[in-house]
Structure formats: C-alpha cells, structure tokens
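# Secondary and tertiary structure notes
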Amino acid sequence: MAAGAFRLSSGRPLSWAFQNQMRNVLQKIRYCSNDAASVGGVDGWQRGVVVLDTVQRSAWRGVENVEKSYDWDDGWNQKGKEFLKWLQDNPDVELEDKYTAIKKVKNKSDKTMARHFVDYRRVKTCAGDGGNGCISLLSTYQKEKAGPDGADGGNGAHVIFEASTKIRSLNHLESFIRGQPGEPGRNKDCHGKNAENKTIQVPIGTIFKTGGEVVASLEENECLFIAARGGAGGKGNAFFATDVDQAPLIAEFGGKGEVIEYEVELRTMADVGLIGFPNAGKSTLLRAISRARPKVASYPFTTLNPHVGMVHYADHHQLAVADIPGLIEGAHKNRGLGITFLRHIERCSCLLYVLDTSQPRPWDQLHVLMHELEQYQRGLSKRPHAVVANKMDLPEAKENLKELAMHIDLPLAPVSAKMGGQLGPLLALLRLLIDHKAEHGISPAAISPTPLR
Ligand SMILES: Nc1nc2c(ncn2[C@@H]2O[C@H](COP(=O)(O)OP(=O)(O)OP(=O)(O)O)[C@@H](O)[C@H]2O)c(=O)[nH]1
Ligand SMILES: [Mg+2]
C-alpha cells in the first residue's frame, strides 16, 4: 500500500501513527488489495470504515466462482486406488514420514464433556451514535466576546467481529449487540470522547448473511468484519467559525449508528469430512484415529453436533477430520436430522464415505449419501473422496466387501474402527488425497464460498 494513501478530505495527510494503525488493520483483512484500499482512503470516521467494509465485501465476490472453475476429477481417483492397492499388497513396507500417522500414546479421559454447541444465531447489531457537537460562546474576564468554544462530539462505537482460534461455537453471541455512543462535545473546546469499539470474538469459519446473501466470511485468525458502523461525532460551533461569522450558533448532531441484522453461521473448518449413515461407525473411527471423543452408542443419531479431531503425521503435519451427524435417505426433505449440518463439510478438501459393511448391499448406502450431498450443493459429492468399509471384524462383512469392490470404482479402504484394524493404509491414503489437492492449487478455505440456501 503506497505511503500517504490515507488523507483527510481537506488533503492534509494524517499523522504517521494513525496511518500505521490503519495499515495494520487493513493488513489483517485477508483479501486486502491495493486497489480497494486506495479507492476509499481514510477520510474521517465513517469513511475509514467504509474502506474496510468495501475490501471485505469485494474480496468475497472475487472468490465466488472458484468452485465452478475447478475440475474435481483431476486424477485423484486413479492415484488413490493405485496407492491403496500398493499399500495392501505390501503391508510390511516402511512408509515415508508424511504417510505415517503417529499413534496417540496418552488417552483422553472418557468422561463425556457435554457442552452446548451452537452453530447458528440471528443477531441484531446496533452501532453507537456519534456525540452531538456543542454550541457555546466563550466569555472571559478580559474579553467578553472571546469567540465560539463549542467542541465536537465523539464517534460512536462500531460493532466488530473478530475471528479467533480460541472460540469454538457461537453460544456466547447475544441476540442484540449494541455499541456505546460517543460523548457529546462540551464548551471550552473539550471534545467528546470516542466510544470504544465493541469487538466480539467468533470462531474461524463464521459466516455473516443478510437477506440470504453472504456478506462476510472470517476464515483466518484475527480476520475482522465491521458489522455496524458507528456514527461520527457532530461538529461543535467552533468548527463553523468563519471570517464573516465569528460567532456561529450552529452545531451538528452526531451521526446515527448503523443497525443491521445478520444471520451468523458457523462452518467447521476441517480437511476431511466423514459422511455416513447413522451407526456406520463415524464417531468410532474418529476416536480411533484422533484424540477427539465424540459419543459412541449403538442407537442412530448419537452424534448431533460436528466433532473435529486432529490426525498427526510423523513429518509433523496435522489433518483435521470432522465427524458430522448421520445422513439418511430423504434427508434433503428434512428426514432424520435434515441436511443443514452439511455446511460443516462444505470447506473440507476431501470426503470419506463411511459404510457399514456388515449390512447387505453397502454400495446402496454410498449412492444415497452421494445423492443427499448433491441435493445440498451440486458438485459436493465429487470432491476427492474415498470409501471406508467399516466393521470388517464382523463375519458377514467379508462377503459384502467383495461385492462392494465390484460395484464401485473408488479407493476402498476396509477397516475395523472398533478394533483398530487396517487404519494405517487409510490414514496414508488420506494424506495422499490432501497432498494431491494441495498440489492442484486450491486451498480448503477457498472452496465453495457459494451462498447458502
Ligand atoms: N463390530 C464393530 N462395531 C462397530 C465398529 N465401528 C462402530 N461400531 C459400533 O457401531 C455402533 C455405532 O457407532 P458410532 O460410532 O456411534 O456410529 P456413528 O456413525 O457415529 O453414528 P451416528 O452418530 O448415530 O451417526 C456402536 O455400537 C459401535 O460400537 C466396528 O468397526 N466393528
Ligand atoms: Mg456418531
């Protein structure tokens, strides 16, 4: 950003300290471009904010069509199948560090930490009004008409959302968020104090929508979104003094703060999403490959919220794997738990379809799952994916696996999540798919910023 880009409308440059401060704020915004930053400049309180807002929104539009231009079938399927076959044919081979997932040595407590998880909220943001300017004429002992001394009011507080790694859900968001108003100006040129901005921390992956349209998405730590702009302080009468009117009796009211309602949604950020029917063993699998502790039980719809676990590899790379509630046939017609929770896998680079191989015709499960994903968002089911044939420890699974392999043309990893069997090749395959994805130059964060239904 060119030095001196920030000027007042009078043309007077702002102080270096303030310019640096603004530069830091702009740098925090992910898609900040020189163009957008220089369009507005920082011209007083509201326009400074307009700049940030413009940058954020224009950036959003810029990435809208990423998914459409990306060819999903770029060889991952063939590569995955060959790699998995090679792994299965050579079970004793020593793998590279990057394909070797590190086993967890220390178990977490089995206590279920039931915490209320909120991934959707409606909030009304109401920024602070600016303080009114003051009308006052100074009169001193030596000089009865010493001129106007009514000062300017302070600026109202913005309502700002900041992405933070420390926050995991939206349950702390109140339905009404109000910024403080600026103080009014006083006589003797005492300017009103600016109100302190109201900053609320939200998890990374939070999306803000107004009228069904996505207006902001916070995808990186410390990313900011100014949800409602505070009103500027009104000018006092001292500001309006001119050569011809040395004692003006006019002052400005403070500007009104913006009032905007948002639908706030959380989309979990993970590299891999586990998709499957209820009871297929998704949570068991996540427990087996990571230190996450989602609840496991033999009844359907045990998992009601997404859980994310981290898989560690010997080269210190980590992959985030998300376990989401089970899908059933007709979920897009709101059967079962519906499909709205699929937004949690929208940003996943790869998908793992977890099938219960002990059930007859497991390939039918796969077709239903893919169909439901397509109903939610076209192209979603075609992300690089693999099939996990779970429950291989059960006797009927062996026969079903043979038939499954004949029915599908995808990387197929037979595992037993409960017994911990054959997890190594699956984790190596995951890494291969993720690396393949990274090589083909699309970051998980950039995937699918298409507006939600
Ligand atoms: N025999 C056997 N049982 C398994 C295996 N994996 C999971 N199970 C059992 O299947 C049942 C369901 O497992 P969950 O992990 O809760 O299944 P889920 O897919 O998370 O189910 P929802 O949360 O309801 O969608 C539990 O009783 C598990 O013990 C496996 O590999 N072998
Ligand atoms: Mg579960």
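Residues numbered from 1 in each chain as written. Chains lettered and ligands numbered in written order. Predicted model: local features only at pLDDT ≥ 70, side-chain atom pairs only at ≥ 80, totals over all residues. Heavy atoms only, no water.

Per an unreviewed UniProt entry, the protein chain goes by the name Mitochondrial ribosome-associated GTPase 2 and belongs to Cherax quadricarinatus.

Attention now moves to a nonpolar patch on the surface. A cluster of nonpolar residues, I135, L137 and L249, forms a patch on the protein surface that exposes about 290 Å² of accessible area. Relative to the elements of secondary structure, L137 occurs in the loop between strand 1 (120-126) and strand 2 (159-164). You can call L137 partly exposed: its relative accessible area is 44%. (Patch = residues over 30% accessible without salt bridge, like charges linked within 9 Å, V, L, I, M, F, W, Y side chains within 5 Å. Areas by Shrake-Rupley, 256 points an atom, 1.4 Å probe, with all protein chains shown as cover. Salt bridge = Lys/Arg side-chain N within 4 Å of Asp/Glu carboxyl O. Helix = DSSP H or I, 4+ residues; strand = E, 2+ residues; numbered from the N terminus. Buried < 20%, exposed > 50% of the residue type's maximum accessible area, 1.4 Å probe, protein only.)

With that out of the way, let us pick up the coordination of the magnesium ion (ligand 2). At the metal site, the magnesium ion (ligand 2) is ligated by S283 (OG) and T303 (OG1), and these contacts range over 1.9 to 2.0 Å. Highlighted residues: S283 in helix 6 (residues 282-289) and T303 in the loop between helix 6 and strand 10 (307-312), separated in sequence by 20 residues. Under the relative-accessibility criterion, T303 is labelled buried at 8%. (Donors = N, O, S within 2.8 Å, 3.2 Å for Na, K, Ca; no water.)

Let's shift gears to the nonpolar core. Membership of the largest hydrophobic core comes to 64 residues, with the highest contact counts inside it found for L285, L327, L342, I345 and L373. The dominant element in this core, judged by the number of residues it contributes, is helix 9 (residues 423-439), at nine residues. Discounting residues that sit within four places of it in the chain, L327 has contacts with I275, G276, F277, P278, G338, I339, F341, L342, L369, E372 and L373. (Core = buried A, V, L, I, M, F, W, Y, C linked by side-chain atoms within 4.5 Å. Contact = heavy atoms within 4.5 Å.)

Another aspect to go through is the pairing of strand 13 (residues 385-390). In terms of burial, strand 13 is a largely internal element, six of the six residues being buried. The alternating pattern of strand 13 places H385, V387 and A389 on one face and A386, V388 and N390 on the opposite face, and all of these are buried. As paired strands, strand 12 (residues 350-356) and strand 13 are joined by six bridges and run parallel to one another. Pairing of L351 across the sheet is with H385, part of strand 13. Both strand 13 and strand 14 (residues 412-414) contribute to a ladder of three bridges, which runs parallel. Bridge pairing in strand 14 links A389 to P414. (Pairing = 2+ DSSP bridges.)

The next thing to look at is the pattern of salt bridges. Overall, the coordinates contain 17 salt bridges when judged by the stated rule. The salt bridge involving K209 is made with E265; its shortest N-O contact spans 3.5 Å. Linking K209 in strand 5 (residues 206-210) with E265 in strand 8 (residues 259-266), this pair joins segments that are 56 residues apart in sequence. Accessibility assignment for this pair places K209 and E265 in one class, buried. Look at the salt bridges and you will find they share partners, linking K98, D315, R431 and D435 into a network.

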